[in-house]
Amino acid sequence: AVCNYTKKVIQLLKAPEATVVQRQFMLSRLSPILWAMAIFKCQPIEGTRSRRYDDAPLTDIAIQISELLAGEMGDFLPQMTKKSVLELYHALLALEYQQTVPERLLRQVDDHLSSLERPVRMISSFQEDVSLALKELGLGHKVETTFQKLFVDILLDQTDSEGNKIVLEVDGSFHFPRNSVDLLGPYVLKDQIMRVNNAHVLKVPYFDWDGLTKEKKKEYLHKKLSDL
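Cut-off values and rules
Residues numbered from 1 in each chain as written. Predicted model: local features only at pLDDT ≥ 70, side-chain atom pairs only at ≥ 80, totals over all residues. Heavy atoms only, no water. Pairing = 2+ DSSP bridges. Helix = DSSP H or I, 4+ residues; strand = E, 2+ residues; numbered from the N terminus. Axes fitted to C-alpha atoms, helices over the stretch in contact; angles between N-to-C directions. Phe/Tyr/Trp six-rings, centres within 6.5 Å; stacked < 30°, edge-to-face > 60°. Polar contact = N/O pair within 3.5 Å; in protein donor to acceptor, adjacent residues only side chain to side chain. Contact = heavy atoms within 4.5 Å.

Visitor: I'm lost on the sheet that holds strand E2 (residues 150-159) in this one. Help?
Guide: Two strands in a sheet stick together by hydrogen bonds in their backbones, pointing the same way (parallel) or opposite ways (antiparallel). Spatially, E1-E2-E3-E4 is the arrangement adopted by the four strands of the open sheet, whose pairing is mixed. Because the sheet does not close on itself, it has two edges, and the strands there are strand E1 (141-147) and strand E4 (199-205). Averaged over all adjacent pairs, the angle separating strand axes in this sheet is 40°, with direction ignored. Summarising the sheet, strand E3 (residues 165-171) and E4 pair through seven bridges and their orientation is parallel. Bridge pairing links Glu169 to Lys203 in E4.

See the structure below:
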């Protein structure tokens, strides 16, 4: 039903009689829908590793949206909110359609990320604790930095055996539903985007970390990294 609705919105965007205001409005509605669909795609059915549905309709929608943005619809990107632009970009990446992300969208994402950069970014005590353990292990890294136009918790200087970047995602309790160890959708999507971009994603959830002694924390990280 969502795919069918999205296809109707795309048809309306393509309609020659659509006004500029109508196109701006419909394009702004596409980004959260596509973003939600990408999350839905990344989430396995509970208790299994199976995905919820065939990816083909999503791929077709991603192709059509990319083509629209590469054309005259790209003129509306500067008028869209930063959130909407980033949602569009991240959804296309998560749907594994990154090879044809329109250049106009990439430029707009770069502009928005530059405006989001701050001299001092908020770093949680959890991130600081993991960072301290990494430093004591002699592992160079950056905290709260960007990778492929996405903010990540910790990016290691070293790579894995295949030359891929290593990202440590520090998952606090707010990354999970109550009484669950399954990540919330936006964080699943984030992991998928990084993997699509050939990053090796290591998870450090709070329920593994909390309660460990200083030495055990270093052992925990060493074990994760030695398994690469």
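Alright, that's what it looks like, and here's the rest.
Visitor: Could you clarify how one ought to interpret the packing of aromatic side chains in this entry?
Guide: Two descriptors summarise a pair of aromatic rings, namely the distance from one centre to the other and the angle between the planes of the rings. Throughout the structure, instances matching the rule amount to five aromatic pairs. Ring geometry for Trp209 versus Tyr220: centroids 5.9 Å apart, planes at 75°, classification edge-to-face. Residue Trp209 is found in helix H8 (residues 206-209), and its partner Tyr220 is found in helix H9 (residues 214-226); the two are separated by 11 residues along the sequence. Ring-pair connections join several aromatic residues into one group, and the members of that group are Phe126, Trp209 and Tyr220.

Visitor: Whenever I open this one, the side chain of His175 confuses me. Can you help?
Guide: On the secondary structure map, His175 appears in the loop between E3 and helix H7 (185-196). Here the side chain of His175 touches Asp171 through a polar contact of 2.6 Å, side chain to side chain. Residues within four places of His175 in sequence aside, it is in contact with Val170, Leu183, Leu184 and Tyr187.

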